[in-house]
Amino acid sequence: MLELDQFRHVYFQECEDLLGSLEVQLMALQEGAAADDVIQETFRAIHSIKGGAGALQFKRIGAFAHNFEALFDKIRSGETALNPDLVTLSLHAFDMLADLIAAEQSGAEIELGIEDHISEALQEAIGTEQKSAREDRAEAGREVSGASEPDAPTLYRITFRPPTDSITRGNEPLYLIRALKTLGRLSVSADQDSLPLLEDIDPQASYLAWNFELETGAGPEAIAEMFEFVADDSDLSITALNESENADDGRTASADPASNERKSVEEGETSEAGGGSQGAAKSAANPNPDMNESNSRYFGATSVRVDLDRVDRLVNMVGELVIAYSTVLQHVDDRLRMTHPQLVHELSQFIQHTQTLQDSVMAIRAQPVRSIFARMPRLVRDLSDQTGKRVRLKTKGESTEIDKTVIEKLSDPLVHMIRNAIDHGIETVEERQALGKPPEGTITLSAEQIGGRIIIRVRDDGRGIDRERMRRVAVDKNLIAPDANLSDEEIENLVFLPGFSTARSVSDISGRGVGMDVVHQNIQKLGGRVSMRSQPGRGSTITLALPLTLAVMDGMIVRCGDFVYVIPLANIIQSLSPRPEEIGTLPDTGDVLRFRDQYVKLVDLNDAFGTQSAAANDNQLIIIVEAEAGGVVGIVVEEILGQEQVVIKSLEENFSHVRGIAGATIMGDGRVALILDVTAIGKLGGKRPNAGTVAEPGVAELQEISA
Amino acid sequence: MTVQSDLNEQLLAQTSETGNQDSGSSQFVAFTIGEQNYCVDIMSVREIRAWTGATPLPNTADYVRGVINLRGSIVPIVDLRTRFGQGETDPTKSHVVVIVAIEERLNGLLVDSVSDILTVSAENVAAIPETDVGSRARYLDGLITEEDRMVALIALDRVIDEISVQ
């Protein structure tokens, strides 16, 4: 039972990958690419889903996927020409397939027969009913097989049945098959007649026999040599064939759809047991599969699925190692360099390796953003249907890699951003035509790595932000003072304030005034930043800047009183030592600093955290950090101790969240230092003004408002 | 430090013995805060450490002394004296932190010293006398009489849960 659960689990994991790949292919088809490999890939993905569904008795998925697959079988054989209607139908079929799989996985009830109209449309598109489609396929297969042997050097038929214990004896038939392939054109079919029922299977045993057709210039001796090591215990026969025999064979092998069906099930199983070689389930419907390609896909699979916990443990241990080496480093002084030069040299080697190790371990957690980008086309389709707007989604940089934890938490914000773009940004077809824009709106979703950050942009070519209206709404909602002097950028970024929504009517899609606020919060929790830029009439761009990983961070180490804090380097704009006249004190806000034509609120860490200052600080330093919504805060510290890469440790693991603290880290001396949550730091310390009474212009005010 | 390691060894030995004992009796790690004796179930104790300082946490209750690094984990330290409303401990090197686990979450209890490991049968754990709003009693599960001392059994889940919630 447990094993079956495991199979299920693997199947759904694979389905996720396969659906992702399927969607990419379908999008390519929609873009007009009708290349053979795209169609083949589409077929293969559907086929693998079907195969696994068959093995696990997911009958609805299997039946539906079968119709879907049949369509692409026709298309790839050239019998049915691909046209835009078929692509649209395929996209609908894809959505339905995804729904069926999701329902099966979650155990949710999904209305019986909901997929029927699409199934029917698929069958209609094939132009025949199911059965004959299958026969056609067999027919098509026979033609292929007949055509596959022109004036070949010699065609051999080889039957090979290894002993059941061949695998435990170290004779892996796979290697043999690979070796055979080097001799010439090889086609393989597995004979599974002696395969027992699933519960009787001994995973170590070999039950299969193979029939090969090998087209080669090499003589029978050369073939026999391949089997040299196993020939003694195996049933092996090698016969040279003439052409007519082979054609007959092609017919008998392919005209039995039931056996093909069984094969597909079997292949589905092996691919699952193999733990993730999704390319394995090669078209079984094709009686003469092109093993060259199939092989490279199956055996070329170089990835493994690893439980995330294991990776995390590894990441943690490497983090410890990094701390340990910092500790060791502190003992390296000039004296040691003099007395033990060799030791110091070895140590530096060790440190280099440790750093490489750390990078490599971090890379394990990295995943391409493709997995979340792939979910967006469907969202866009659904939303265009709901709104009646025509929208196309372009994606760029899907292979950009980012930490898995970040990926997982990125999905919701992206959904919100795209909803927002379609609901508020893109105009209706009529509006767009009146403006002389193309009737179809475009949303571009892109990802790229710039320095130590991943930049994700959602860009639309819609109406952009009406700044005047934004401003009015913000004033109406008491979010800003009526006379606040805000730059265009600041106005645009008001959209991220909690409770801000300019939607005239609350729609089903967005406009509840939570969407963009949630985006902002989620991204900040990830240690990222979000900003909005807009050109009226031309569209808006929302930019997310995300850290590559959540596990380590570059930080500035500062001291305030007796305490050491870490400020994320990514948030720091500048550190400076102000002249006294640059600092002013306001009755409500506390101290402010004039910085680049803005007034910046100052937060003294001693005040904010209620700690004691060690001495009167004439020599105070200010670190200007970017807080939220593009706001800026100055943090007053007593000393900057340096910059260091720190491993982020959770406070929540054993305790709970603490306001103003993002986490903790362990310093070289083994002591704990707290990592400041600069986005929340502006809310700490200083006195809080009453809403609407502050007329101090600029960012300082915006900061207070959002507090 | 050697006192602590001895205690830890004893702890380890006792914990493994517990498995072989009949279920009628339980073991408790007893410690002192001032004149008062307290104890916690030995099964929740992970280790005993000497006080080496903690990094204070801002914006937390006064009895949270801060956090320490326990082999890479950040563990909060609770000053039990403050927790029980008896003022603040002024810790020295001779003060002791008892690391306890409550449902996988680690917490350190700052106490004056660890005194003993008690083996007590279940019927010898007396109920707390009922009080109306027993401010301290809320955090206790029972009373144990050891020789002529009274040892209060701390209800770790209640003491710690309320800390984490804050």
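Residues numbered from 1 in each chain as written. Chains lettered and ligands numbered in written order. Predicted model: local features only at pLDDT ≥ 70, side-chain atom pairs only at ≥ 80, totals over all residues.

Our focus in this paragraph is the overall build of chain B. Scanning chain B from terminus to terminus reveals three helices and eleven strands. The order of α-helices and β-strands along chain B, N terminus first, is α-β-β-β-β-β-α-β-β-β-β-β-β-α. Burial statistics for chain B: of 166 residues in total, 34% are counted as buried. Of the contacts made within chain B by residues no fewer than 6 positions apart, 58% connect residues no fewer than 24 positions apart. (Helix = DSSP H or I, 4+ residues; strand = E, 2+ residues; numbered from the N terminus. Buried ≥ 20, exposed ≤ 12 C-beta atoms within 10 Å, placed from the backbone. Contact = placed C-beta atoms within 7 Å.)

This part takes up the overall build of chain A. Across its full length, chain A holds 24 helices and 22 strands. Out of the 707 residues in chain A, the part that is buried amounts to 39%. Pairs at least 24 apart in sequence give 71% of the contacts found in chain A among residues at least 6 apart.

Okay, the sheet that holds strand β16 (residues 590-595) of chain A next. Residue and element names in this part refer to chain A. Pairing is mixed in the open sheet, where six strands are placed in the order β14-β18-β19-β17-β16-β15. In the strand order of this sheet, the two ends are held by β14 (572-576) and β15 (583-586), each with one partner. Sheet twist, expressed as the mean angle between neighbouring strand axes with direction ignored, is 35 degrees. Taken together, the six bridges between strand β18 (residues 621-626) and strand β19 (residues 632-637) define a ladder with antiparallel strand orientation. Bridge pairing links isoleucine 622 to valine 636 in β19. (Pairing = 2+ DSSP bridges. Axes fitted to C-alpha atoms, helices over the stretch in contact; angles between N-to-C directions.)

The next thing to look at is the pairing of strand β4 (residues 235-241) of chain A. Residues and elements named next belong to chain A. In terms of burial, β4 is a largely surface element, zero of the seven residues being buried. Looking at chain direction, strand β1 (residues 155-161) and β4 are connected through seven bridges and run antiparallel. Residue pairing in the sheet places arginine 157 in a bridge with threonine 239 of β4.

It is worth spelling out the nonpolar core at this point. One finds Tyr565, Ile567, Ile635 and Leu676 of chain A together with Cys39 and Val98 of chain B to be the most contacted residues of the largest nonpolar core, which totals 89 residues. The residues that make up this core include at least three from each of domain 3 (308-367) and domain 5 (552-706) of chain A. (Core = buried A, V, L, I, M, F, W, Y, C linked by C-beta atoms within 7 Å. Domains from an automatic or database assignment.)

Looking now at the sheet that holds strand β2 (residues 184-191) of chain A. Residues and elements named next belong to chain A. With antiparallel pairing, the four strands of this open sheet are ordered in space as β2-β3-β1-β4. With partners counted over all chains shown, the strands left at the sheet margins are β2 and β4, one partner each. Strand-to-strand twist in this sheet, taken as the mean axis angle between neighbours without regard to direction, amounts to 15 degrees. Where β2 meets strand β3 (residues 209-216), eight bridges bridge the pair, whose relative direction is antiparallel. Residue pairing in the sheet places aspartate 191 in a bridge with alanine 209 of β3.

Further remarks concern the confidence of the model for chain A. Residue and element names in this part refer to chain A. When pLDDT is averaged across chain A, the result is 74; 78% of the residues are at 70 or more. Element-level pLDDT for chain A is lowest in helix α24 (residues 699-706), with a mean of 34, against a maximum mean of 91 in strand β6 (residues 391-396). The model gives residues 129-152 a pLDDT under 50, and that stretch makes 34 contacts with residues more than four places away or in other chains. Here residues 504-513 is a poorly scored stretch, pLDDT under 50, and it has 24 contacts once near neighbours within four places are set aside; other chains count. (pLDDT = per-residue confidence, 0-100.)

It is worth spelling out the packing of helix α16 (residues 376-387) of chain A against helix α17 (residues 404-425) of chain A at this point. All names here are of chain A. Relative to each other, α16 and α17 sit at 30 degrees, their axes nearing to 10 Å. Here α16 lies roughly parallel to α17, going by the angle between them. In the crossing of α16 with α17, the sense of the turn from one axis to the other is right-handed. The residues of α17 that touch α16, namely those facing Met376, Leu379, Val380, Leu383 and Thr387, are Leu414, Val415, Ile418, Arg419, Ile422 and Asp423. Tallied by class, residues from the contact of α16 with α17 come to eight nonpolar, one polar and two charged. (Parallel < 35°, antiparallel > 145°, perpendicular 65-115°, else oblique. Left-handed = near helix turned anticlockwise from the far one by under 90°. Nonpolar A, V, L, I, M, F, W, Y, C, P; charged D, E, K, R; others polar.)

All names here are of chain B. Despite not being glycine, glutamate 104 shows a phi value in the positive range, around 75 degrees. Checked against the element boundaries, glutamate 104 lands in the loop between β6 (96-102) and β7 (105-111). Located in the positive-phi region is glutamate 147, a residue other than glycine, with phi close to 50 degrees. Of note, glutamate 147 is situated in the loop between β10 (140-146) and β11 (149-154).

On the side of chain B, 20 residues touch chain A, which itself brings 25 residues to the contact. Contributing elements (two or more residues each) for the side of chain A that touches chain B: α12 (308-330), β21 (661-666) and β22 (672-676) of chain A. When its residues are assigned to classes, the side of chain A that touches chain B shows twelve nonpolar, eight polar and five charged.

It is worth spelling out helix α5 (residues 116-126) of chain A at this point. Residues and elements named next belong to chain A. Along α5, the residues classified as buried are Ile118, Leu122, Ala125 and Ile126. Down the axis, α5 shows its buried residues gathered within 100 degrees of arc, on one side only. The outward face of α5, more than 90 degrees from its buried face, is lined by the exposed residues Asp116, His117, Glu120 and Glu124. Just downstream of α5 lies glycine 127, where phi reads positive at about 90 degrees. (Arc of directions from axis to C-beta.)

Right, let's get into helix α4 (residues 84-106) of chain A. All names here are of chain A. Given a rise of 1.5 Å per residue, 23 residues ought to cover 33 Å, and the 33 Å separating the end C-alpha atoms of α4 matches this to within 8%. Residues Leu86, Ser90, Ala93, Phe94, Met96, Leu97, Leu100, Ile101 and Glu104 constitute the buried set of α4. Directly after α4, the chain includes glycine 107, whose backbone phi takes a positive value near 75 degrees. (Expected span 1.5 Å × (residues − 1).)

Residues and elements named next belong to chain B. Looking at the secondary structure, you find asparagine 37 in strand β2 (residues 36-41). The exposure class assigned to asparagine 37 is partly exposed, which follows from the 18 C-beta atoms found within 10 Å. Along the sequence, asparagine 37 and valine 114 sit 77 residues apart, while their C-alpha atoms lie 9.5 Å from each other. Aside from chain neighbours lying at most four places away, what touches asparagine 37 is Ala30, Thr32, Ser115, Arg149, Met150, Val151 and Ala152.

The next point concerns the packing of helix α3 (residues 59-77) of chain A against α4 of chain A. Residue and element names in this part refer to chain A. Viewed as axis vectors pointing N to C, α3 and α4 meet at an angle of 165 degrees, and their least axial separation amounts to 10 Å. Classified by the angle their axes make, α3 and α4 are roughly antiparallel. Two packed elements cross with a definite hand, and for α3 against α4 that hand is left-handed. Contacts between α3 and α4 involve Arg60, Ile61, Phe64, Ala65 and Phe68 on the former and, on the latter, Ala93, Met96, Leu97, Leu100, Ile101 and Glu104. A breakdown of the residues in the contact of α3 with α4 according to their chemical character gives nine nonpolar, no polar and two charged.

The next point concerns the confidence of the model for chain B. In the predicted model, chain B carries a mean pLDDT of 81, and 80% of its residues have values of at least 70. Among the prediction metrics, the complex's ipTM stands at 0.82, with pTM recorded as 0.48.

Turning our attention to the pairing of β21 of chain A. Residue and element names in this part refer to chain A. Most of β21 is tucked away, with six of its six residues classed as buried. In this sheet, β22 lies alongside β21 in antiparallel orientation, the contact comprising five bridges. Across the sheet, the residue bridging to alanine 664 is leucine 674, located in β22. In this antiparallel pair of consecutive strands, β21 and β22, the connection spans five residues, and glycine 670 shows a positive phi of 90 degrees.

As a further point, take the environment of valine 114 of chain B. Within the fold, valine 114 of chain B resides in strand β8 (residues 113-121). C-alpha of valine 114 of chain B to C-alpha of cysteine 39 of chain B: the two residues are 75 residues apart in sequence and 9.1 Å apart in space.

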